[in-house]
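# Structural description and commentary
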Amino acid sequence: MGTILSGKEVAEALKHKLKSEVDELRKKGVVPTLSIIIVGDRADSAAYIKGAVKRCGEIGIECSVTELPQDLSQDEFLKVIHRQNADEKIHGIMVMRPLPSQISENVVKYEISPAKDVDCFNPVNVSKVMSGEEGGFAPCTPSAVMEILHHYSIDPKGKRTVIVGRSMVVGRPLAMMLLKENATITVCHTRTVNLAEETSRAELLIAAAGKARMIKKEMVREGAVVIDVGINFDENGRMCGDVDFDEVSPVAGMITPVPGGVGAVTSTVLAKHVLEACKRQR
Ligand code: NDP
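Residues numbered from 1 in each chain as written. Predicted model: local features only at pLDDT ≥ 70, side-chain atom pairs only at ≥ 80, totals over all residues. Heavy atoms only, no water.

## As for the site of the ligand
The full set close to the ligand counts 22 residues, and Arg166, Ser167, Thr190, Ile231 and Thr266 are the nearest of them. Here an oxygen atom of the ligand sits 2.5 Å away from a polar atom, N or O, in the side chain of Ser167. Between an oxygen atom of the ligand and a main-chain N or O atom of Ile231, the distance comes to 3.0 Å. Take the shell around the ligand: its biggest share by element is 3 residues, from helix α10 (residues 262-281). Its residues assigned to classes, the shell around the ligand shows 10 nonpolar, 10 polar and 2 charged. (Near = heavy atom within 4 Å. Polar contact = N/O pair within 3.5 Å; in protein donor to acceptor, adjacent residues only side chain to side chain. Helix = DSSP H or I, 4+ residues; strand = E, 2+ residues; numbered from the N terminus. Nonpolar A, V, L, I, M, F, W, Y, C, P; charged D, E, K, R; others polar.)

## Quick look at the sheet that holds strand β4 (residues 92-95)
The 3 strands are arranged β3-β2-β4 in an open sheet whose pairing can be described as parallel. Lying at the two open borders of the sheet, with one neighbouring strand each, are β3 (62-68) and β4. With direction set aside, neighbouring strand axes in the sheet form an average angle of 20°. Across 4 bridges, strand β2 (residues 33-39) lies against β4 in parallel orientation. If you follow Ser35 over to β4, its bridge partner there is Ile93. Strand contacts of helix α3 (residues 74-86): β2, β3 and β4, with the helix running at about 180° to β2, the strand carrying the most contacts. (Pairing = 2+ DSSP bridges. Axes fitted to C-alpha atoms, helices over the stretch in contact; angles between N-to-C directions. Contact = heavy atoms within 4.5 Å.)

## Re the packing of aromatic side chains
Per the counting criterion, the structure on display carries 0 aromatic pairs. Note that Arg97 overlies the ring of Phe121, its terminal NZ or CZ placed 3.8 Å from the centroid. Seen from the ring of Phe137, Arg280 lies directly overhead, with NZ or CZ sitting 4.4 Å from the centre. (Phe/Tyr/Trp six-rings, centres within 6.5 Å; stacked < 30°, edge-to-face > 60°. Lys NZ or Arg CZ within 6 Å of the ring centre and 35° of its normal.)

## Points about the sheet that holds strand β5 (residues 160-164)
Taken together, the 6 strands give an open sheet; going across it, the order is β1-β11-β8-β7-β5-β6, and neighbouring strands pair in parallel fashion. Looking along the sheet, the strands with just one partner apiece sit at the ends: β1 (3-4) and β6 (184-188). In terms of strand pairing, β5 meets β6 through 5 bridges, oriented parallel. Residue Val164 lies in a different strand from β6, and its bridge partner there is Cys188. The strands touched by helix α7 (residues 171-180) within the sheet are β5, β6 and β7 (204-207), with β5 carrying the most contacts at an inclination of about 165°.

## Observations concerning unusual backbone geometry
The residue after Arg97, namely Pro98, is reached through a cis peptide bond having omega 5°. Mapped onto the fold, Pro98 is located in the loop between β4 and α4 (105-111). Of note, the amide linkage connecting Val258 to Pro259 takes the cis form, showing an omega dihedral of 0°. Checked against the element boundaries, Pro259 lands in the loop between β11 (254-255) and α10.

## Here we look at a nonpolar patch on the surface
A grouping of Ile231, Phe233 and Met239 is seen on the molecular surface, where their side chains present a nonpolar patch of about 300 Å² in accessible area. Note on placement: Met239 falls in strand β10 (residues 239-240). (Patch = residues over 30% accessible without salt bridge, like charges linked within 9 Å, V, L, I, M, F, W, Y side chains within 5 Å. Areas by Shrake-Rupley, 256 points an atom, 1.4 Å probe, with all protein chains shown as cover. Salt bridge = Lys/Arg side-chain N within 4 Å of Asp/Glu carboxyl O.)

The structure is reproduced here in structure tokens:
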């Protein structure tokens, strides 16, 4: 049985570190504050917001949630963004996506101040992730993967690394972040010809495809570190990852569970970014 890499443990350790820094800032009268903006109702966004507000609260970070109507025009939406960009009490802004069709993400992403863009929506921050430049904000989910690797002293340097998934929220930025730490990367997707051949070579395998339990034991190299980013629900409504945990965990050297893996770290990383934004803005 591979060692379980516990996201909860990583999140707790990070939480304590962040809380002591936030406590110091609060003593000086500075309250790190996150604004979450949501347009319309979405059950998945509501669940994410609940988790983020709870986690930020535990750390001492203030959260304000702006709920806007589903039919809001793009101009009105941009006014909200501009107001929050200018508000010195707000240090981080996160816009829940997807936005309704009348509001173009391709317009909005340029309008959030890069200094407050704690989940890497603005192309300025995206380009910093791509080029490996410091001083931006990487997206929270790939950052959570990196937190787990760092916490367990897993050095990606020189490791044959395979990422399944190439989205802008997970696979692509993660490839760049791991490349910065000198991993040797292969990124797989739906047009990859022989996925099992690629994944079974990986010393570090990261699944971010959004397909329940698609990674089977014959796709995993003995002793590999397996990080499962997927959040899916099986036919019984049970949450599961992209990795078939029961099959793969005896083969893997180390493995993250779902739930309790990457997902458990993401909201704490968000809090970390808000604190960082606050420190930079002071
Ligand atoms: P997307 O649907 O945007 O991207 C999925 C990627 O996986 C695509 O690049 C797609 O390839 C690839 N893919 C899908 N099926 C296969 C397959 N059978 N074989 C090979 N590649 C495949 O998803 P996201 O990146 O947004 O999310 C991925 C997963 O991570 C989801 O389960 C999501 O719920 C989870 N997630 C978890 C978070 C967390 O905090 N833990 C946060 C964000 C997401 P192609 O490009 O060719 O279509």
